[in-house]
Amino acid sequence: NKILVVLADGQNKEINSTTLSENFDLALLTIVGTNIEGVQLPESAPPLEEGTEVFMLGPNNVSVPTTFTGYHRGDSPHEFFILTDKPFNPSNSGSPLIDGAGYVRGINTLSDLQPEGNGLAIPIETVMVEFNL
């Protein structure tokens, strides 16, 4: 049973390995290939500040603007979530939360689906630690 990833340029790549997170609803899928464009991680990006515009990606790479409104502490002392002022659609779950400079700031995970609800994203720094990247 093969699992294929379809890249933005239409390339189909087979997943070589899957790593499941022990602490979050996350999976790291590994593909191997050439000419694969990735997204930028915030090696030296400034910290998010309240009011910073961020974007969530949906189906067909359509971006939806939202605004960073703060951090939310999760159920354990080690869980912090990025809080946005708009809820995510179910199709946004697992997609990146990107700032205006193109840096990935988090992975969209949970949403209050009320019309004026909030979205929660796992900070990219947490994802990097979780998968030892």
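Residues numbered from 1 in each chain as written. Predicted model: local features only at pLDDT ≥ 70, side-chain atom pairs only at ≥ 80, totals over all residues. Heavy atoms only, no water.

## Quick look at the overall build of the protein
Put simply, the rule is: Only DSSP runs of H or I covering at least 4 residues are called helices, and only runs of E covering at least 2 are called strands; the numbering of each starts at the N terminus. Each residue is placed in one exposure class: buried if its accessible area under a 1.4 Å probe, protein chains only, is under 20% of its type's maximum, exposed if it is over 50%, and partly exposed if it falls in between. Contacts are assigned to residue pairs with any non-hydrogen atoms lying within 4.5 Å of each other. Under the convention used here, a 1.4 Å probe and the Shrake-Rupley method define accessible areas, while residue burial counts only the protein chains that appear.
Along the protein, the regular secondary structure elements total one helix and nine strands. When the 133 residues of the protein are sorted by exposure, 32% land in the buried category. Contacts spanning at least 24 positions in sequence make up 43% of the contacts within the protein whose residues lie at least 6 apart. Looking at the protein as shown, the accessible area adds up to about 8600 Å², and 50% of this sits on carbon and sulfur atoms.

## Remarks on the nonpolar core
Most often, soluble globular proteins keep nonpolar side chains buried together rather than apart. This is how the line gets drawn: Each nonpolar core is a collection of buried residues, namely Ala, Val, Leu, Ile, Met, Phe, Trp, Tyr and Cys, held together in the definition by side-chain atoms within 4.5 Å.
Judged by nonpolar contacts, Phe24, Leu26, Leu57, Phe81, Ile98, Val104, Ile107, Leu120, Ile122, Ile124, Val127 and Phe131 together constitute the single largest core of twelve residues. Elements with a contribution of two residues or more to this core: strand E8 (104-111), strand E9 (119-123) and helix H1 (124-130). Residues Leu48, Val54, Met56 and Leu97 belong to the second largest nonpolar core, which totals seven residues.

## Focus on the environment of asparagine 12
Structurally, the position occupied by asparagine 12 is in strand E2 (residues 12-20). Placed 21 residues apart in sequence, asparagine 12 and glycine 33 show a C-alpha to C-alpha distance of 10.0 Å. If we skip the residues at most four places from it in the chain, asparagine 12 touches Val5 and Val6.

## Re the pattern of salt bridges
Pairing of side chains with opposite charge becomes possible as their charged atoms draw close. Condition: By salt bridge we mean one thing: a side-chain nitrogen of Lys or Arg within 4 Å of a carboxyl oxygen of Asp or Glu.
Here the structure, examined in full by the defined rule, presents one salt bridge. Where aspartate 99 meets arginine 105, a salt bridge forms, and the shortest distance between an N and an O atom there is 2.8 Å. Among the residues examined, arginine 105 registers a relative accessible area of 7% and is labelled buried.

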